[in-house]
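Below, each chain spelled out in residue letters.
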There are 2 protein chains.
Amino acid sequence: MLHEDVVGRIRTILLDGEIPPGARIPERELCERLGISRTPLREALKVLAAEGLVQLLPHRGSRAAKLTDKDMRDLFEVCQGLEALAGELACERITDAEIDEIAAAHAAMVQHYRDGDLIQYYRGNRAIHEAIVNAAGNPVLAGLYTSVTARIRRARYVTPMTPQRWALAVKEHEAILNALQRRDGTGLSHILRAHLRHKREEVLQAGFAETEGNDLTLRIA
Amino acid sequence: MLHEDVVGRIRTILLDGEIPPGARIPERELCERLGISRTPLREALKVLAAEGLVQLLPHRGSRAAKLTDKDMRDLFEVCQGLEALAGELACERITDAEIDEIAAAHAAMVQHYRDGDLIQYYRGNRAIHEAIVNAAGNPVLAGLYTSVTARIRRARYVTPMTPQRWALAVKEHEAILNALQRRDGTGLSHILRAHLRHKREEVLQAGFAETEGNDLTLRIA
DNA sequence: GCGCTCCAATTTGAATGCAAAATTGTAGGA
DNA sequence: TCCTACAATTTTGCATTCAAATTGGAGCGC
C-alpha cells in the first residue's frame, strides 16, 4: 500500500466519523486493520495533523480533531474566500463545455430537490462547487479548497434543512449558474459568498460544532 | 528535539535555498546534521511534502520542490485571494492599537525605502503584510497564508526592483495603510490585490521561476 | 474514609535492522 | 566506439526493537 493511500484511508475513517472528533486514535488497532506497521501509520498521522484533521499531543498520542464554533466559523470564512476567488477565475477560464456540464449537474440537483432527496441533493451540490473550483484552473487553490472543505464537510453536508432554507439555497444556485453562464466573475463571487454565509449561519445556528456527544451522522435521517 | 522543530529546521534549510529547488534531499546526511535517525526525518519530509515544499518520488527519494512559472502564478493568485480576504476581515476586527503598530512599521519601512535598503525594506514589508493577516483574527487563514507565502518567499522578497516599481510599491503601501485606518475593507482588499498582482508581474517578468540553475540568492546583491 | 506516593504496565517516540526497489558501474557484443 | 544487459551497490520503505514518558492502581499515611 502506498503512503498516499494510507493517508487517504485514515482521512476517510475520520471524515466518516468512524473515529469521532475528540476520540483517541488507537495506533495498534489501526495498524492491524490496515495491515501495516506503526511507522507508516505514524507518518500518515503527522501529515493529517498538518492538515488539521488530527491533533497530536506529545507523548499522549493523537486524537481526531474536534472543531469548536470558532474553528467552524474560521473555516467557513476561508472557504468563502476560496470559493469567491475560484468563481472569479472560473468565469475567466471555464470552457463552454464545462459550463454545460455544470448546467446539467445543476438540473440534476434541482430534480433531487423536487424529489426531496437531501442526500442526493447534497452530493450534486458538492459536485457543482467542486466543478467551479476546478474550472478556476488553479491546482494550488483546488488543493487548499479540498483541505478546508474536508474539515467542514460533516457539518456542511449533513445539516438538515428547513424547507425555506432549502428553497433559498436552490434559488442561490440558480443565480450561481446564471452568473457562470454570463461569465460574470464579480457577480458569481458575491453570490458564492452569500451562499456560503447562509450555509455557515445554518450550521452555526444549529449548534453543529463538534462538541462532546454531538454525533452528526445521526442527523442525516 | 520535538517533531515540529525537525519540520521547522528542514523548512528553513529549504527556504534558505541551502538545498536548491530540484535537488535531491540526502536523508543520511541530514540525519547526521540534525542528530536524529531516519524515522523522524522521514516523518518531517512527508509533512513538508503535504505542504508542497518537498516532492516525494516513490522509491526514488525526495527532492526540494521546484516551482514552474505556472506554479508561481497559481500561488500568487491564491495569495492575492487570501490577502484580500484578510484585509476585509482585518478592517472589521483590528484594534486601534494594532493599526498604530502597523502605521509605525509602515513609517519604518518608508525610511528604509528612503535609505535605499532593499533588504530591510522587504523585511518591514513582510511584517506589515503578516500583521494585516494576523489582524484578521482567523488562525486558519493565517496558517494557509504562511504556507502559501513560504513557497513564494524567495521569489517575492528577493526580486530586485527598479526605482519606478519600488516607488509604486511604496505608494500602494500608503494606500493600504490609509484604507486600514479608514477601516475600508473593500478598498483595502482591492489595493492588496492590485499590489500583489503587480508583484506577481514583476516576479514573472523577471523570469523568476525556479528553473534549472536559477539561483535566486545571487540576485539579492 | 480520603488522598498522596510510588511502582508496574501500557503507550509513545525514536533507532536499528532487513527486504525490495532503483541507481550505478562494468563487461560483452555489435 | 557505442549500446545493451547484467550485477553490485546504494537507497528507499517498512517491520521490529528499545528507551522514555505517561497512565492506572495498589499500598501507605493522614
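Residues numbered from 1 in each chain as written. Chains lettered and ligands numbered in written order. Predicted model: local features only at pLDDT ≥ 70, side-chain atom pairs only at ≥ 80, totals over all residues. Heavy atoms only, no water.

1. Quick word on the protein's contact with DNA strand C
At step 1: Taken together, 17 residues lie near DNA strand C, and A:R24, A:R38, A:R42, B:S37 and B:R60 sit nearest.
At step 2: When the atoms of DNA strand C within 4 Å of the protein are sorted by group, sugar and phosphate make up 67%.
At step 3: Interatomic distance of 3.1 Å between a side-chain N/O atom of B:T39 and a base nitrogen of DNA strand C.
At step 4: In the environment of DNA strand C, a phosphate oxygen lies 3.2 Å from a nitrogen or oxygen atom belonging to the side chain of B:R60. (Near = heavy atom within 4 Å. Polar contact = N/O pair within 3.5 Å; in protein donor to acceptor, adjacent residues only side chain to side chain.)

2. What about the domain arrangement of chain A?
All names here are of chain A.
At step 1: Once the domains are mapped, chain A shows domain 1 (3-64) and domain 2 (69-220).
At step 2: Here domain 1 and domain 2 have C-alpha centroids that lie 27 Å from each other.
At step 3: Listed by partner, the interface residues are 8 residues for domain 1 and 7 residues for domain 2.
At step 4: Across the domain 1 to domain 2 interface the summed buried area is about 590 Å²; carbon plus sulfur atoms make up 57%.
At step 5: When residues of domain 1 are sorted by the area they lose upon contact with domain 2, L15, P21 and E51 head the list and together hold 67% of the total.
At step 6: Where domain 1 meets domain 2, there are 0 salt bridges.
At step 7: There are 0 residue pairs in polar contact (both at pLDDT 80 or more) connecting domain 1 and domain 2.
At step 8: Within the side of domain 1 that touches domain 2, the residues separate by chemical class into 4 nonpolar, 2 polar and 2 charged. (Domains from an automatic or database assignment. Contact = heavy atoms within 4.5 Å. Buried area = accessible area lost by both parts, 1.4 Å probe. Salt bridge = Lys/Arg side-chain N within 4 Å of Asp/Glu carboxyl O. Nonpolar A, V, L, I, M, F, W, Y, C, P; charged D, E, K, R; others polar.)

3. Some points on the side chain of A:E51
Residue and element names in this part refer to chain A.
At step 1: Looking at the secondary structure, you find E51 in helix α3 (residues 38-51).
At step 2: A distance of 2.5 Å separates polar atoms of two side chains, one belonging to E51 and the other to R11.
At step 3: Discounting residues that sit within four places of it in the chain, E51 has contacts with V7, R11, S147 and R151. (Helix = DSSP H or I, 4+ residues; strand = E, 2+ residues; numbered from the N terminus.)

4. Thoughts on the packing of aromatic side chains
At step 1: Tallied over the full model, the rule gives 8 aromatic pairs over all chains.
At step 2: Ring centres of A:Y122 and A:Y157 lie 5.6 Å apart, and the angle between their planes is 80°; on these two criteria the pair is classed as edge-to-face. Of the two residues, A:Y122 sits in helix α6 (residues 118-135) while A:Y157 sits in the loop between α7 (139-156) and α8 (163-181), which places them 35 residues apart along the sequence. Considered together, A:Y122 and A:Y157 belong to a single accessibility category, that of buried residues.
At step 3: When the ring of B:Y121 is compared with that of B:Y122, the centres are 6.0 Å apart and the planes differ by 50°; the resulting orientation is tilted.
At step 4: The exposure class of B:Y121 is buried, given its relative accessible area of 1%. (Phe/Tyr/Trp six-rings, centres within 6.5 Å; stacked < 30°, edge-to-face > 60°. Buried < 20%, exposed > 50% of the residue type's maximum accessible area, 1.4 Å probe, protein only.)

5. Details of the protein's contact with DNA strand D
At step 1: In the vicinity of DNA strand D, 16 residues are found, and the nearest of them are A:S37, A:R60, B:R38, B:R42 and B:H59.
At step 2: At 3.2 Å from a phosphate oxygen of DNA strand D is found a side-chain nitrogen or oxygen belonging to B:R24.
At step 3: B:R42 places a side-chain nitrogen or oxygen 2.9 Å from a phosphate oxygen of DNA strand D.
At step 4: At the level of elements, α3 of chain A together with α2 (27-34) and α3 (38-51) of chain B are the ones that each hand at least two residues to the surface near DNA strand D.
At step 5: When the residues that make up the surface near DNA strand D are grouped by side-chain class, the tally is 5 nonpolar, 5 polar and 6 charged.

6. Here's the deal with the packing of helix α5 (residues 96-115) of chain B against helix α6 (residues 118-135) of chain B
All names here are of chain B.
At step 1: Two elements in contact, α5 and α6, have axes separated by 8 Å at closest approach and are oriented at 160°. Judged on the interaxial angle alone, α6 and α5 are roughly antiparallel. Once α5 is placed against α6, the crossing between them reads as left-handed. Note on element contacts: α6 touches α5 through Q120, Y121, G124, N125, I128, A131, I132 and A135, opposite E98, I102, A105, H106, M109, H112 and Y113.
At step 2: Of the residues assigned to the contact of α5 with α6, the class counts are 9 nonpolar, 5 polar and 1 charged. (Axes fitted to C-alpha atoms, helices over the stretch in contact; angles between N-to-C directions. Parallel < 35°, antiparallel > 145°, perpendicular 65-115°, else oblique. Left-handed = near helix turned anticlockwise from the far one by under 90°.)

7. Overview of unusual backbone geometry
At step 1: Even without glycine at this site, A:H59 takes up a positive phi of about 65°.
At step 2: Residue placement: A:H59 occurs in the loop between β1 (54-57) and β2 (61-64).

8. A word on the relation of the copies chain A and chain B
The operation relating the two chain copies consists of a rotation about an axis and a shift along that axis.
At step 1: At an RMSD of 0.1 Å, chain A and chain B line up after a rotation of 180° and a shift of 0.0 Å along the axis. Such values leave the two copies arranged in the relation of a two-fold axis.
At step 2: Most of the interface of chain A is mirrored in chain B: 100% of its interface residues are interface residues there too. (Least-squares fit on C-alpha atoms with pLDDT ≥ 70 in both.)

9. Here we look at the nonpolar core
At step 1: Counting 46 residues, the largest nonpolar core has A:M72, A:L82, A:L141, B:M72, B:L82 and B:L141 as the members making the most contacts within it.
At step 2: Leave out the neighbours within four places in its chain, and A:L82 touches A:L141, A:L144, A:Y145, A:V148 and B:L82. (Core = buried A, V, L, I, M, F, W, Y, C linked by side-chain atoms within 4.5 Å.)

10. Quick notes on the packing of helix α4 (residues 69-93) of chain A against α6(A)
Residue and element names in this part refer to chain A.
At step 1: At a minimum axis distance of 7 Å, the contact between α4 and α6 shows a crossing angle of 60°. Viewed along their axes, α4 and α6 form a crossing whose handedness is left-handed. Of the residues in α6, those touching α4 at E83, A86, G87, A90 and R93 are H129, I132, V133 and A135.
At step 2: For the contact of α4 with α6, the per-class residue count stands at 5 nonpolar, 2 polar and 2 charged.

11. Brief notes about the interface of chain A and chain B
At step 1: Listed per partner, the contact involves 26 residues of chain A and 26 residues of chain B.
At step 2: A combined buried area of about 2,300 Å² lies between chain A and chain B, and 62% of that area is made up of carbon and sulfur atoms.
At step 3: Of all residues in chain A, A:E43, A:K46 and A:E77 give up the largest surface area on contact with chain B, accounting jointly for 23% of the area buried on that side.
At step 4: Where chain A meets chain B, there are 8 salt bridges.
At step 5: For the salt bridge of B:E88 with A:R193, the shortest nitrogen-to-oxygen distance reads 3.0 Å.
At step 6: At the level of elements, α3, α4 and α7 of chain A are the ones that each hand at least two residues to the side of chain A that touches chain B.

12. Comments concerning helix α7 (residues 139-156) of chain B
At step 1: Its maximal kink placed at B:A150, α7(B) deviates by approximately 45°.
At step 2: Considered for burial, the residues of α7(B) that qualify are B:V140, B:L141, B:A142, B:L144, B:Y145, B:V148, B:T149, B:A150, B:I152, B:R154, B:A155 and B:R156.
At step 3: Taken together, the buried residues of α7(B) touch α4 and α7 of chain A together with α1 (3-15), α4 (69-93), α6 and α9 (185-205) of chain B.
At step 4: Where α7(B) begins, the side chain of B:N138 points an oxygen toward the backbone nitrogen of B:V140, at a separation of 3.0 Å. (Bend = angle between axes of the 7 residues up to and from the residue.)

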